[in-house]
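Here are the chains, one letter per residue:
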Amino acid sequence: MQTNTPPRSTMRLTRRGRIVLVATGAVLVGTAVAVPLLILGPGDGGRTATLVIPEGWRASQVYAAVDKALALPAGSAKKSVAKVATKLPDDAHGNPEGYLFPATYPLPWKAKPEKLLARMVDTANEKFNGAPIAAGAQRNAMNVYQAVTIASIVQAEAATTSDMGKVARVVFNRLERGMPLQMDSTVNYALGRSTLRTTESDTRIDNPYNTYQRMGLPPTPIANPGEEAMRAAVNPPAGDWLYFVTVRPGDTRFTADYTEHQRNVAEFNTRGKSPGTAAP
């Protein structure tokens, strides 16, 4: 059983790989996504306004969307979070990250932000506390909140839906071997940004979300995962994978062998340096 991690100066786990000592990070968690809003009032033919929350959005993005949808001053939704804290699991300590479930929500006329956020949390509790997820978490010796945290990483790191289970398995394998997760998506969360490039200095920041420096899971989810990521987190496929890198779009390579991973990363770097070839 492997218990040691290769030196951090050469080891990069995340799916996008690295160029020299610069690594790419999370899938487009923080990238602006068009939020279809249809703001309608009484007498509009009975139609209902809706707010779409995409999978993988962070709480900060949800707050901004709610403020925009309800035509409220910036920061209004975030200030109302305390009013929904009792609906969250104890492990969340009042932080709704991970529990603002991605879905399409109706916007009643003159809706209040706390009501909309409460609806999201209620939906999350309904989805996460049902038998398939709760039982799956227990089967993997974790509680639901830990499963949501893993699912948020899976949502951020997986290049495709089909990769989600393998990414979850990498997380479990690393935790079981006492290896740091070394996920760029958690570093991006710590820095309050979303970028496809994480520098070596970024991985040295003193922050509880820096999974290069801290062992185990981050203290909270890093985004709001969808159902597919949750299913992957509680029922990952069998496999011994410890590393993964997306060499090119549609070609994410998972391996348990560090030398093979280095070759995959080298191929990614070569493609990125080729004239006219953009790194994925």
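Residues numbered from 1 in each chain as written. Predicted model: local features only at pLDDT ≥ 70, side-chain atom pairs only at ≥ 80, totals over all residues. Heavy atoms only, no water.

Chemist: In this structure, what is going on with the pattern of salt bridges? I would like to understand it.
Modeler: Any two side chains of opposite charge can pair, on the condition that their charged atoms come close. Scanning the entire structure with this criterion turns up 9 salt bridges. Linking Glu-114 and Lys-83 is a salt bridge whose minimum nitrogen-to-oxygen distance equals 3.7 Å. Of this pair, Glu-114 sits in helix α3 (residues 113–128) while Lys-83 sits in the loop between α2 (76–79) and β4 (104–107); the two residues are 31 residues apart in sequence, bridging distant segments of the chain. Residue classification places Glu-114 among the buried positions, given a relative accessible area of 18%. Exposure remark for Lys-83: the relative accessible area of 59% places this residue in the exposed category. For Arg-253, the salt bridge is made with Glu-267, and the minimal N-O distance between the two is 2.7 Å. Separated by 14 residues along the polypeptide, Arg-253 in strand β6 (residues 251–255) and Glu-267 in helix α9 (residues 258–273) bring together distant segments of the chain. In this structure Arg-253 comes out as partly exposed when scored by relative accessible area, which is 21%. Classification of Glu-267 by relative accessible area gives partly exposed; the value is 29%. One network of salt bridges, with partners in common, ties together Arg-248, Asp-251, Arg-253 and Glu-267. (Salt bridge = Lys/Arg side-chain N within 4 Å of Asp/Glu carboxyl O. Helix = DSSP H or I, 4+ residues; strand = E, 2+ residues; numbered from the N terminus. Buried < 20%, exposed > 50% of the residue type's maximum accessible area, 1.4 Å probe, protein only.)

Chemist: I'm lost on the packing of aromatic side chains in this one. Help?
Modeler: Working definition: an aromatic ring pair is given by the centre-to-centre distance plus the angle between the planes. A full pass over the atoms with the stated rule returns 7 aromatic pairs. Summarising the aromatic geometry, the rings of Phe-101 and Phe-128 are spaced 5.9 Å apart at their centres and angled 70 degrees between planes, so their arrangement reads as edge-to-face. With Phe-101 in the loop between α2 and β4 and Phe-128 in helix α3, this residue pair connects regions lying 27 residues apart in the sequence. For the pair Phe-101 and Phe-128, one class covers both residues: buried. Through successive ring pairs, a cluster of aromatic residues spans Tyr-99, Phe-101, Phe-128 and Tyr-145. (Phe/Tyr/Trp six-rings, centres within 6.5 Å; stacked < 30°, edge-to-face > 60°.)

Chemist: I would appreciate a short explanation of the pairing of strand β3 (residues 49–52) in the present structure.
Modeler: When a strand is regular, its side chains alternate between the sheet's two faces. Because side chains alternate across β3, one face comprises the buried residues Ala-49 and Leu-51, and the other comprises Thr-50 and Val-52, none of which is buried. As paired strands, β3 and β4 are joined by 4 bridges and run antiparallel to one another. Across the sheet, the residue bridging to Leu-51 is Tyr-105, located in β4. (Pairing = 2+ DSSP bridges.)

Chemist: What's the story with the pairing of β6 in this structure? I'm lost.
Modeler: Buried residues dominate β6, accounting for 4 of its 5 residues. Where strand β5 (residues 243–248) meets β6, 5 bridges bridge the pair, whose relative direction is antiparallel. Bridged to Thr-246 within β6 is Thr-252.

Chemist: Just checking my understanding: could you explain the nonpolar core for this structure?
Modeler: Nonpolar side chains tend toward joint burial in soluble globular proteins. Leu-51, Val-66, Leu-117 and Met-120 are the most contacted members of the largest nonpolar core, which has 60 residues in total. If you list the elements that add at least two residues to this core, you get β3, α1 (59–69), β4, α3, α4 (131–139), α5 (144–157), α6 (164–176) and α8 (227–234). With 9 residues, α5 is the largest single contributor of residues to this core. (Core = buried A, V, L, I, M, F, W, Y, C linked by side-chain atoms within 4.5 Å.)

Chemist: What should I look at first to understand α3 in this one?
Modeler: For α3, with 16 residues, the first-to-last C-alpha span of 22 Å sits near the 22 Å given by 1.5 Å per residue. When α3 is considered as a whole, its buried residues turn out to be Pro-113, Glu-114, Leu-116, Leu-117, Ala-118, Met-120, Val-121, Thr-123, Ala-124, Asn-125 and Phe-128. (Expected span 1.5 Å × (residues − 1).)

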